[in-house]
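What follows is each chain in one-letter form.
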Amino acid sequence: MNHEKEKLRNLIITDSFLPSEGGSRLYYYNLYRHFPKDEVVFLTKKVPGWQEFDKIHDLEIIRRFRPLKNWKYPSLLKSIPYILMGLIMIRRRQIDLVHCGDLFPGAFIGFLGKILLKKPFVLYAHGEELTMPFRFQIQSKIFRMFYESCDLIIAACDFARGKLIDMGITSEKIKKINPGVDCDLFKPIELEREFINKYNPDGKKVIF
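Conventions and cut-offs
Residues numbered from 1 in each chain as written. Predicted model: local features only at pLDDT ≥ 70, side-chain atom pairs only at ≥ 80, totals over all residues. Heavy atoms only, no water. Helix = DSSP H or I, 4+ residues; strand = E, 2+ residues; numbered from the N terminus. Buried < 20%, exposed > 50% of the residue type's maximum accessible area, 1.4 Å probe, protein only. Contact = heavy atoms within 4.5 Å. Pairing = 2+ DSSP bridges. Right-handed = clockwise from strand over helix to strand, strands pointing away. Axes fitted to C-alpha atoms, helices over the stretch in contact; angles between N-to-C directions. Parallel < 35°, antiparallel > 145°, perpendicular 65-115°, else oblique. Left-handed = near helix turned anticlockwise from the far one by under 90°. Nonpolar A, V, L, I, M, F, W, Y, C, P; charged D, E, K, R; others polar. Phe/Tyr/Trp six-rings, centres within 6.5 Å; stacked < 30°, edge-to-face > 60°.

### Some thoughts on the overall build of the protein chain
Turning to step 1, where the next piece is worked out: Within the protein chain, the regular secondary structure consists of 8 helices and 7 strands.
Turning to step 2, where the next piece is worked out: Seen through its principal axes, the protein chain has C-alpha atoms that stretch 65 × 50 × 40 Å.
Turning to step 3, where the next piece is worked out: Counting the 208 residues in the protein chain, one finds 38% classified as buried.
Turning to step 4, where the next piece is worked out: In the protein chain, the proportion of contacts linking residues at least 24 apart, taken out of those at least 6 apart, comes to 60%.

Right, here's the structure in full:
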């Protein structure tokens, strides 16, 4: 009998990913780089420098995704192929769990995947999307539906968690994961002799 733990296939959908600048991009990278490499696949878009980044990082990244630019009807219609692409990926790759970094179309793909394919989905909340003024009331209703329908919400800070609770989302559904610090990159180092000779920091408070 094979007692080896079965692999859990995770699909991460985000509007853009590294090397695009942005805190959420680093946040997702540092979370998922600790997952087993064969259990994670990213669906995102091409950004400047993506080819060089993908070559040197051992991640499965599919860059054929196009996020929604706005809520005008032409943009909504253009997003249909990418919504279908996401659903096809969930089915063909036998995805077990969908992780949605954005409300639309990411969370919409996760929402449809749960209804049509019976796959659970996780939705992230960073804060700015919870205070965004929406032009049409139906938008806020749709986004609330996403939050209520997902299986787990990961809040990146206390502010996001508080706004979700104010919306009526049960606290049991929300898990907070604060951005961390890469201690391999940010750590105390020995001062260079040139710096010491120039500024003589002994006994002084030095602010960078």
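### Concerning unusual backbone geometry
What is expected of a backbone is that most residues other than glycine have negative phi and most peptide bonds are trans.
Turning to step 1, where the next piece is worked out: Put simply, L18 and P19 share a cis peptide bond, and its omega is 15 degrees.
Turning to step 2, where the next piece is worked out: Mapped onto the secondary structure, P19 falls in the loop between strand 1 (10–13) and helix 1 (23–32).
Turning to step 3, where the next piece is worked out: Within the chain, Q94 stands out as a residue other than glycine whose phi angle is a positive 55 degrees.
Turning to step 4, where the next piece is worked out: Relative to the elements of secondary structure, Q94 occurs in the loop between helix 4 (80–92) and strand 4 (97–100).
Turning to step 5, where the next piece is worked out: Here Q94 falls in the exposed class, since its relative accessible area comes to 60%.
Turning to step 6, where the next piece is worked out: The backbone of K118 sits at a positive phi, close to 60 degrees, despite the residue not being glycine.
Turning to step 7, where the next piece is worked out: Within the secondary structure layout, K118 lies in the loop between helix 5 (103–117) and strand 5 (121–125).
Turning to step 8, where the next piece is worked out: Among the residues examined, K118 registers a relative accessible area of 66% and is labelled exposed.

### Details of the pairing of strand 1
Turning to step 1, where the next piece is worked out: Side chains N10 and I12 of strand 1 all project onto a buried face; the interleaved residues L11 and I13 project onto the opposite face, where all are buried too.
Turning to step 2, where the next piece is worked out: When strand 1 meets strand 2 (residues 40–44), the two strands line up parallel, connected through 4 bridges. Each bridged residue has a counterpart across the sheet, and for I12 the counterpart in strand 2 is F42.
Turning to step 3, where the next piece is worked out: Where the polypeptide runs from strand 1 across helix 1 and back to strand 2, its parallel neighbour, the crossover connection is right-handed.
Turning to step 4, where the next piece is worked out: Pairing of strand 1 with strand 4 involves 4 bridges; the strand directions are parallel. Bridging from a neighbouring strand, N10 pairs with L97 of strand 4.

### A closer look at the environment of F208
Turning to step 1, where the next piece is worked out: Inspection of the secondary structure assignment puts F208 in the segment after helix 8 (193–199).
Turning to step 2, where the next piece is worked out: Separated by 175 residues in sequence, F208 and R33 have C-alpha atoms that sit 30 Å apart.

### Remarks on the packing of helix 4 against helix 5
Turning to step 1, where the next piece is worked out: Put simply, helix 4 and helix 5 touch, their axes get as near as 9 Å, and they point 45 degrees apart. By the criterion of interaxial angle, the relationship of helix 4 to helix 5 is oblique. Of the two possible hands of crossing, helix 4 and helix 5 adopt the one that is right-handed. In contact with Y82, I83, G86, L87, I90 and R91 of helix 4, helix 5 contributes F104, P105, F108, I109, L112, G113, L116 and L117.
Turning to step 2, where the next piece is worked out: A class-by-class count of the residues in the contact of helix 4 with helix 5 yields 11 nonpolar, 2 polar and 1 charged.

### Looking at the packing of helix 5 against helix 6 (residues 137–149)
Between two packed helices, what matters for the description is the angle formed by their axes and the separation of those axes.
Turning to step 1, where the next piece is worked out: Taken N-terminus to C-terminus, the directions of helix 5 and helix 6 make an angle of 50 degrees; their axes are 10 Å apart at the nearest point. As summarised for this structure, helix 5 and helix 6 are arranged oblique, according to the angle between their axes. As helix 5 runs across helix 6, the sense of the crossing is left-handed. The residues of helix 6 that touch helix 5, namely those facing L103, F104, A107, F108, F111 and K114, are F143, M145, F146, Y147 and S149.

### Observations concerning the packing of aromatic side chains
Turning to step 1, where the next piece is worked out: In total, this model carries 13 aromatic pairs according to the counting rule given.
Turning to step 2, where the next piece is worked out: Seen in terms of ring centroids, Y27 and Y124 are 6.1 Å apart; in terms of plane orientation they differ by 90 degrees. Their pairing is edge-to-face. Linking Y27 in helix 1 with Y124 in strand 5, this pair joins segments that are 97 residues apart in sequence. The same class applies to Y27 as to Y124, namely buried.
Turning to step 3, where the next piece is worked out: Aromatic side chains F143 and F146 sit 6.2 Å apart centroid to centroid with 40 degrees between the ring planes, which places their arrangement in the tilted category. Of this pair, F143 and F146 both sit in helix 6, separated by 3 residues, roughly a single helical turn. Here F143 and F146 have matching classes, each one buried.
Turning to step 4, where the next piece is worked out: Members of the aromatic cluster, each reached through a chain of ring pairs, are F17, Y29, Y32, F35, F42 and F53.

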